[in-house]
Amino acid sequence: MTILFVGSSPDDLGGATQPNTTTNGRDSNYTPVGSVVVGDFDESGDGFTISHERSVSTVTWYHFLFNTDQNTSYSGFADGYWFRIFSGNTEIGRLDVQDNNWTLQGGGISSTYITPFSTGVDITYDVKVTTNGTTVTLELYQNSVFVVSVSYSSSVTAPNAIVFEHFDVVWNSSPRSYHYSEIIVTDNESTLNWRLATLEPGADGTHTAWLGGFADMITSNDGLGITSNTPAQKESWTLVPYSGPATSSAVRAVVNKFYASKGMTGPTQLTPFIRHAAIDVEGDTFPITGGKPIVEVLDNNPQTAAPWNTADFAALQIGVKSTA
């Protein structure tokens with residue numbers, strides 16, 4: 001059981017997403033910047049793809065917070081799909097619309113009709129996908145309440161992508177907005193009632209050996225970053241304050257995400273570490289391959305070996321060490 005993906009911002013989701021700082025599909029206590037896809041998707045589509053490692057188990061969960069200004073009444077003309085789930089090139093399931101009737105579909109089997117969303121209302125979605133080698137089962141939840149499921153015979157392996165395409169989901173319509181945040185993918189862990197808080201770098205920390213500082217890491221692909229040409233150099237930073245509810249338990253994990261590239265010479269690996277109670281604890285060393293984020297899932301606080309609680313965040317520093 002593990003976490004395969006987390007993200008809310010366009011830096012995380014990519015594709016056609018744009019920054020969203022409204023309260024539509026974004027809780028400011030958890031998400032500093034969410035994502036929005038805007039378009040007139042009449043007989044067309046656009047959006048983003050979440051690619052992830054396959055589950056080791058037979059169960060994969062998808063979770064996201066969503067809000068749209070689209071309505072679901074288009075005089076029976078909508079004939080497309082909102083999102084599809086894939087295993088390689090094989091479609092496992094989709095949320096489909098035909099003649100303006102919405103269903104969960106997989107393997108040619110359709111669920112009963114559903115109402116996929118309400119205009120201007122935040123809804124949390126969870127999709128459970130089970131691939132046990134003989135049968136595929138998809139279950140859809142809204143606000144953690146079961147809605148529908150479909151099941152069909154198939155030996156397809158576990159999914160490794162969910163694609164939000166918004167293909168032909170409107171008719172003769174002006175551009176619509178589709179807001180997303182708190183996207184989570186897990187291997188055999190129910191995401192019902194989960195939340196995702198994003199804590200960005202807030203200030204330089206104890207270690208400042210790299211060139212550049214915390215402000216250079218906030219936005220991806222802006223030409224800024226931190227660099228090191230020497231092995232064993234450390235850089236750390238504190239985090240912006242956590243604004244969600246305080247809890248001494250139920251923090252599933254801290255997930256660190258890094259984007260890195262290597263130069264022609266110098267270090268070729270990255271070693272993340274946390275600094276808590278003035279103690280550095282290093283994690284696994286990752287080769288720098290470029291193109292894909294380096295993701296470190298810390299189930300417990302490495303400094304205490306105890307489960308995380310929200311009070312840990314105020315005294316926490318995240319860091320990286322250059323490694324030959």
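Everything numeric in this text was worked out from a predicted model, so none of it was measured.

I'm lost on the pairing of strand 13 (residues 161-167) in this one. Help?
The side chains of a regular strand alternate, first on one face of the sheet and then on the other. The buried fraction of strand 13 amounts to six of the seven residues, a majority that puts the element mostly inside the structure. Sheet analysis places strand 4 (residues 48-51) next to strand 13, joined by four bridges and oriented antiparallel. Residue pairing in the sheet places Thr-49 in a bridge with Val-163 of strand 13. Across five bridges, the pairing between strand 6 (residues 81-87) and strand 13 is antiparallel. Among the inter-strand pairings, Tyr-81 is bridged to a residue of strand 13, identified as Phe-167.

Is there a simple way to explain the pairing of strand 19 (residues 279-282) in this structure?
Relative to strand 19, strand 18 (residues 269-276) runs antiparallel, the two being bridged by four bridges. Across the sheet, His-276 pairs through a bridge with Ile-279, a residue of strand 19. In this structure, the hairpin formed by strand 18 and strand 19 is closed by a connection of two residues, where Ala-277 is found at a positive phi of approximately 55°.

Whenever I open this one, the nonpolar core confuses me. Can you help?
Grouped burial of nonpolar side chains is what soluble globular proteins tend to show. Grouped together as the largest cluster of nonpolar side chains are 41 residues, with contacts concentrated most on Phe-64, Trp-82, Phe-83, Ile-85, Leu-138 and Tyr-180. Residues within four places of Tyr-180 in sequence aside, it is in contact with Ser-8, Leu-13, Gly-25, Gly-34, Ser-35, Phe-48, Phe-64, Leu-65, Phe-66, Trp-82, Phe-164 and His-166. Listed in part, the 17 residues of the second largest apolar core include Ile-226, Val-254, Phe-258 and Ile-318.

Can you walk me through the packing of aromatic side chains in this structure?
Applying the stated rule across the entire model yields 26 aromatic pairs. Between Phe-66 and Trp-82, the aromatic rings sit 4.5 Å apart at their centres with planes inclined by 45°, giving tilted as the arrangement. Residue Phe-66 is located in strand 5 (residues 59-68), and its partner Trp-82 is located in strand 6; the two are separated by 16 residues in the primary sequence. By relative accessible area, Trp-82 is classed as buried at 1%. Here Phe-66 and Tyr-178 contribute two aromatic rings whose centre-to-centre distance is 6.4 Å and whose plane-to-plane angle is 25°, an arrangement assigned as stacked.

What is the right way to read the sheet that holds strand 8 (residues 101-106) from this model?
The strand order across the open sheet built from six strands is 4-13-6-7-8-9, with neighbouring strands paired in antiparallel fashion. Of all the strands in the sheet, the pair left with one neighbour each is strand 4 and strand 9 (109-110). Sheet topology note: the strand 8/strand 9 ladder contains two bridges and is antiparallel. Looking across to strand 9, one finds that Gln-105 is bridged to Ser-110.

Hey, could you run me through the environment of Ala-246 in this one?
The topology assignment puts Ala-246 in the loop between strand 16 (234-239) and strand 17 (254-258). Placed 65 residues apart in sequence, Ala-246 and Ala-311 show a C-alpha to C-alpha distance of 7.4 Å.

Any chance you could explain the pattern of salt bridges here in plain terms?
Between side chains of opposite charge, pairing is possible as soon as their charged atoms come close. For the structure shown, the criterion picks out 14 salt bridges. Here Glu-91 ties to Arg-84 by a salt bridge, and the two come within 3.2 Å at their closest N and O atoms. Overall, Glu-91 belongs to the partly exposed group, its relative accessible area being 27%. Between Arg-252 and Glu-189 there is a salt bridge, with the nearest N and O atoms lying 2.7 Å from each other. Highlighted residues: Arg-252 in the loop between strand 16 and strand 17 and Glu-189 in the loop between strand 14 (176-187) and strand 15 (201-208), separated in sequence by 63 residues. For Arg-252, a relative accessible area of 25% corresponds to the partly exposed category. Here Glu-189 falls in the buried class, since its relative accessible area comes to 11%. Several salt bridges converge on common partners, so that one network encompasses Arg-84, Glu-91, Arg-94, Asp-96 and Glu-165.

What is the right way to look at unusual backbone geometry in this model?
Phi is mostly negative for residues that are not glycine, and the peptide bonds are mostly trans. Within the chain, Asp-168 stands out as a residue other than glycine whose phi angle is a positive 50°. Within the element layout of this structure, Asp-168 appears in the loop between strand 13 and strand 14. Judged by relative accessible area, which is 9%, Asp-168 ranks as buried. Phi at Ala-232 takes a positive value of approximately 75°, unusual for a residue other than glycine. With respect to the helices, strands and loops of the structure, Ala-232 is situated in the loop between strand 15 and strand 16. A relative accessible area of 57% means that Ala-232 is categorised as exposed.

About the criteria used
- Residues numbered from 1 in each chain as written.
- Predicted model: local features only at pLDDT ≥ 70, side-chain atom pairs only at ≥ 80, totals over all residues.
- Heavy atoms only, no water.
- Buried < 20%, exposed > 50% of the residue type's maximum accessible area, 1.4 Å probe, protein only.
- Helix = DSSP H or I, 4+ residues; strand = E, 2+ residues; numbered from the N terminus.
- Pairing = 2+ DSSP bridges.
- Core = buried A, V, L, I, M, F, W, Y, C linked by side-chain atoms within 4.5 Å.
- Contact = heavy atoms within 4.5 Å.
- Phe/Tyr/Trp six-rings, centres within 6.5 Å; stacked < 30°, edge-to-face > 60°.
- Salt bridge = Lys/Arg side-chain N within 4 Å of Asp/Glu carboxyl O.

Interpretation in functional terms is not warranted from these geometric data alone.
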